[in-house]
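Chain by chain, the residues run as shown.
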Amino acid sequence: MILSLFVGIFIVMFVYNLFIFLSTRDYTYLSYLSIIFINIIGIGSNFGYSVVLLQDVKGYIENMGLIDLFLSFLFGFSIIKFTKSFLNTKIQFPIIDKILSLLIILIGSTVILGAAENVSVGNAFSSILGLVTFVVIIVCAIKSYLYKLPASGLFLCAFACFMIGVVTFLLANLGAI
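First things first, this report covers the structure right here in the doc. (Residues numbered from 1 in each chain as written. Predicted model: local features only at pLDDT ≥ 70, side-chain atom pairs only at ≥ 80, totals over all residues. Heavy atoms only, no water.)

Next up on the list: helix H4 (residues 64-86). Look at H4: 32 Å from first C-alpha to last across 23 residues, which is about the 33 Å you get at 1.5 Å a residue. Of the positions making up H4, those classed as buried are Leu69, Leu71, Phe73, Phe75, Gly76, Ser78, Ile79, Ile80, Phe82, Thr83 and Lys84. At the exit of H4 stands Asn88, carrying a positive phi of roughly 50°. (Helix = DSSP H or I, 4+ residues; strand = E, 2+ residues; numbered from the N terminus. Expected span 1.5 Å × (residues − 1). Buried < 20%, exposed > 50% of the residue type's maximum accessible area, 1.4 Å probe, protein only.)

Take a look at the structure:
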């Protein structure tokens, strides 16, 4: 029941922001839509629905860890692209923009590491890079807020709340809590 309500909220958010994107053609919403969509897929995967739906697909079960690692990459990529677009980091904070671009490459390399070496090693590096990414984004959000950039206060508040949940998940994934 609660899971259905939670997923329903995400679907409503997705449809609402899709209409805003179609109305405004602001590509920031496209990044945000990808974050919401990947969250919906991630929730389904974490609660076992992907196994139920895709268990007959050849190789799915054997590669489930690698698929989750790829979803983590897509999630990180989407969050970074949204942050870069929403806070206009290329203009406002060029050094942070370059760091975020480097993080996209490093997070992408965790999928290659997971495929070539071991999915557990890839997941550990992905979790560590996820924590680093969140620190960089929160620093960027605080700087934006201090410079009084438009909507930076909303971004900072929303991202701080979101970060608490994700950091808790990442620390649990690393076995720290």
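We are not done yet, so read on.
A side chain with one charge can pair with a side chain of the opposite charge if their charged atoms come near. One pass over the structure, following the stated rule, counts one salt bridge. For the salt bridge of Lys84 with Asp97, the shortest nitrogen-to-oxygen distance reads 3.5 Å. In this pair, Lys84 is assigned in helix H4 and Asp97 in helix H6 (residues 94-116), connecting sequence segments 13 residues apart. (Salt bridge = Lys/Arg side-chain N within 4 Å of Asp/Glu carboxyl O.)

What follows covers helix H7 (residues 119-146). Owing to its 3.6 residues per turn, the α-helix aligns residues three or four sequence positions apart on the same side. Compared with an ideal rise of 1.5 Å per residue, which puts 28 residues at 40 Å, H7 spans 40 Å between its outermost C-alpha atoms and is within 8% of the ideal. For H7, the N-terminal cap is Asn118; the gap from its side-chain oxygen to the backbone nitrogen of Ser120 is 2.8 Å. Positive phi appears at Lys148, one or two residues downstream of H7, with a value of about 60°. (Polar contact = N/O pair within 3.5 Å; in protein donor to acceptor, adjacent residues only side chain to side chain.)

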